[in-house]
Amino acid sequence: MALRLFRSPRVARDWRLELARAVTTFDQLERVMVLSPSERERVRQVCRVYPPFITPFLLSLMDPGDTEDPIRRQVVPSPLELEDPGMEDPLAEDAHSPFPGAVHQYDNRLLVVTTNRCALHCRYCFRKRNWRRPLFFFSWWMELEAYLKNNPQVEDLLISGGDPFLLPLEMLEKLLSLARSVETLKVIRIGTRVPVALPSRVDGELLRVLDGYTPLWICLHVNHPRELTEEMARAVESLSRVGCSLVSQTVLLRGVNDSWETLAELFMDLLSLGVKPYYLFQCDPAPGTAHFRVSADEGRDIMKSLWGRVSGLAYPHYAMDLPGGGGKVLL
Ligand code: SF4
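Residues numbered from 1 in each chain as written. Predicted model: local features only at pLDDT ≥ 70, side-chain atom pairs only at ≥ 80, totals over all residues.

Enquirer: Looking at this model, I keep getting lost on the overall build of the protein chain. Mind explaining?
Expert: Assigned secondary structure in the protein chain consists of 14 helices and 9 strands. Taking 331 residues into account, the globule formula puts the C-alpha radius of gyration at 20 Å, and the protein chain, at 19 Å, falls close to it. Seen through its principal axes, the protein chain has C-alpha atoms that stretch 60 × 45 × 40 Å. Counting contacts in the protein chain only where the partners sit at least 6 residues apart, residues at least 24 apart contribute 81% of the total. (Helix = DSSP H or I, 4+ residues; strand = E, 2+ residues; numbered from the N terminus. Rg over C-alpha atoms; globule rule 2.2 N^0.38 Å. Contact = placed C-beta atoms within 7 Å.)

Below is the structure:
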């Protein structure tokens with residue numbers, strides 16, 4: 001009941017209020033979540049280093065008293081995060097950065113990290129090092145334009161973050177317009193978790209911007225069937241209507257989706273919404289993520305069980321990013 005009061009109808013309609021009312025500190029977390037006495041102090045320590053970010057919308061999807069709840073596990077800090085130092089930058093993105101915000105690891109693809117603003121803090125995030133930085137938005141326009149023009153082998157631009165759908169819209173539009181002006185660029189992809197975690201942000205203003213630059217590929221990050229809410233389905237439908245093509249990326253997470261039954265439901269439901277399951281990823285060894293990791297052998301067994309049980313269209317690539325920047329490999 002407390003949670004429903006926390007997300008008033010006014011908040012539900014306004015994505016800015018959703019962000020403003022997000023749980024971002026231990027004290028706020030304690031007000032909305034049941035924490036056992038044994039975990040309380042350690043969760044407080046985790047929050048100091050890697051703070052939570054949980055919108056009222058996400059709170060409304062979870063059972064605050066159930067530590068096994070798959071949504072809660074993804075966003076509520078766990079005492080187990082203290083037990084694993086992990087790697088600050090597991091994909092060595094900083095070492096492959098030709099200018100601030102850009103990562104060039106594959107010859108024909110360029111990634112731009114456009115902001116560190118997210119609609120939620122996923123506890124397993126491999127860019128969680130960015131949560132501690134002051135809020136930033138992409139501002140290296142001249143460098144990006146020159147780099148794309150001087151590197152005509154780059155055919156595919158991945159706009160990522162944080163979440164690009166939380167950029168000020170004039171900035172997102174400037175980025176899309178710049179990308180469209182580079183003739184050698186064939187594909188523009190946007191990686192986002194907004195339709196899942198903050199679907200009210202997929203509003204007329206955002207759709208109008210995207211509409212001007214289609215075809216665009218939207219890579220949705222989604223991990224559990226419970227994330228496929230009515231609000232998310234509406235956001236997906238709106239994106240399709242303006243000419244976006246949608247694929248999904250899922251991280252294989254212990255205690256969230258590490259069973260073929262859960263993934264079969266997720267992938268088939270995504271397909272029914274018009275979203276092609278694209279990648280199932282191993283969890284990267286970022287700090288505090290050991291408790292989420294599933295072995296590659298277990299992952300392969302899950303993939304074998306999925307084969308023949310889901311439509312071929314719903315079957316994703318199973319892959320991992322080699323730590324240290326070695327790139328993606330299929331498993
Ligand atoms: S939305 Fe993406 S970038 Fe943001 S915390 Fe989650 S995984 Fe990391």
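Enquirer: Teacher, can you tell me more about the confidence of the model for the protein chain here?
Expert: A low pLDDT score tells you not to read the predicted coordinates there in detail. Looking at the protein chain as a whole, the pLDDT averages 94, with 98% of positions reaching at least 70. Between residues 1–5, whose pLDDT stays under 50, and residues either more than four places distant or in other chains, the model counts 6 contacts. (pLDDT = per-residue confidence, 0-100.)

Enquirer: Hey, could you run me through the nonpolar core in this one?
Expert: In globular proteins that are soluble, nonpolar side chains generally tend to be buried together. Counting 82 residues, the largest nonpolar core has L58, V112, L120, Y124 and A197 as its most contacted members. Counting residues domain by domain, this core receives three or more from each of domain 1 (2–78) and domain 2 (94–330). Beyond its immediate stretch of four places on either side in the chain, Y124 contacts V251, L253, C283, A286, T289 and F292. (Core = buried A, V, L, I, M, F, W, Y, C linked by C-beta atoms within 7 Å. Buried ≥ 20, exposed ≤ 12 C-beta atoms within 10 Å, placed from the backbone. Domains from an automatic or database assignment.)

Enquirer: Teacher, can you tell me more about the domain arrangement of the protein chain here?
Expert: Size of an interface: often given as the accessible area lost when the parts come together. The domain architecture assigned to the protein chain consists of domain 1 (2–78) and domain 2 (94–330). Distance between the C-alpha centres of domain 1 and domain 2: 23 Å. On the domain 2 side, the residues contacting the 22 residues of domain 1 number 21 residues.

Enquirer: Looking at this structure, how should I read the pairing of strand 1 (residues 102–106)?
Expert: Consecutive side chains of a regular strand alternate in pointing toward one face of the sheet and then the other. Here strand 1 runs beside strand 2 (residues 109–113); their pairing, made up of 3 bridges, is antiparallel. Considered in strand 2, the bridge of A102 is made with V112. In textbook terms, the turn of a hairpin is the stretch between consecutive antiparallel strands, and for strand 1 and strand 2 this stretch comprises 2 residues. (Pairing = 2+ DSSP bridges.)

Enquirer: I'm lost on the site of the ligand in this one. Help?
Expert: Taken together, C118, L120, H121, C122, C125, R127, G161, G162, D163, R193 and H221 are the residues near the ligand. Here the residues of the shell around the ligand are counted per class, giving 4 nonpolar, 4 polar and 3 charged. (Near = placed C-beta within 6 Å. Nonpolar A, V, L, I, M, F, W, Y, C, P; charged D, E, K, R; others polar.)

Enquirer: Help me understand helix 12 (residues 230–241) in this model?
Expert: An α-helical segment advances 3.6 residues per turn. Residues three or four places apart therefore align on the same side. Helix length check: helix 12 (12 residues) gives 16 Å between terminal C-alpha atoms against 16 Å at 1.5 Å per residue, within 8%. Here helix 12 has its buried residues at M232, A235, V236 and L239. Down the axis of helix 12, the sector holding all buried residues measures 100°, keeping them to one side. When the buried face of helix 12 is taken as reference, the exposed residues oriented beyond 90 degrees from it are E230 and R241. In this structure, the buried side of helix 12 is in contact with helix 10 (194–197), strand 5 (216–221) and strand 6 (244–251). Following helix 12 by one or two positions, G243 adopts a phi angle in the positive range, close to 100°. (Expected span 1.5 Å × (residues − 1). Arc of directions from axis to C-beta.)

Enquirer: What should I look at first to understand the sheet that holds strand 8 (residues 317–322) in this one?
Expert: Spatial ordering of the open sheet is given by 1-2-3-4-5-6-7-8-9, a layout of 9 strands whose pairing is mixed. Unpaired on one side and paired on the other, strand 1 and strand 9 (327–330) mark the two borders of the sheet. Taking the axes of each pair of neighbouring strands and ignoring which way they run, one obtains an average angle of 30° across the sheet. Across the sheet, helix 12 is in contact with strand 5 and strand 6; its angle to strand 6 comes to roughly 140°. Sheet strands touched by helix 13 (residues 260–272): strand 6 and strand 7 (276–281). Its angle to strand 7, the strand with the most contacts, is close to 150°. (Axes fitted to C-alpha atoms, helices over the stretch in contact; angles between N-to-C directions.)

Enquirer: Would you mind showing me how to read the pairing of strand 9 here?
Expert: By the bridge criterion, 4 bridges tie strand 8 to strand 9 in an arrangement that is antiparallel. Among the inter-strand pairings, M320 is bridged to a residue of strand 9, identified as V329. Taking the residues between adjacent antiparallel strands as the criterion, strand 8 and strand 9 are bridged by 4 residues, where G324 takes a positive phi near 90°.

Enquirer: Help me out: how do you make sense of the packing of helix 9 (residues 169–181) against helix 11 (residues 204–211) in this one?
Expert: When two helices pack together, their arrangement is captured by the angle between the axes and the distance separating the axes. For the pair helix 9 and helix 11, interaxial distance at closest approach is 10 Å and the crossing angle is 15°. By the angle class used here, helix 9 and helix 11 are roughly parallel. Judged by the twist between their axes, the crossing of helix 9 over helix 11 is right-handed. Packed against helix 9, whose contacting residues are L169, L172 and E173, the element helix 11 presents E205, L206 and V209 at the interface. Considered class by class, the residues forming the contact of helix 9 with helix 11 number 4 nonpolar, no polar and 2 charged. (Parallel < 35°, antiparallel > 145°, perpendicular 65-115°, else oblique. Left-handed = near helix turned anticlockwise from the far one by under 90°.)

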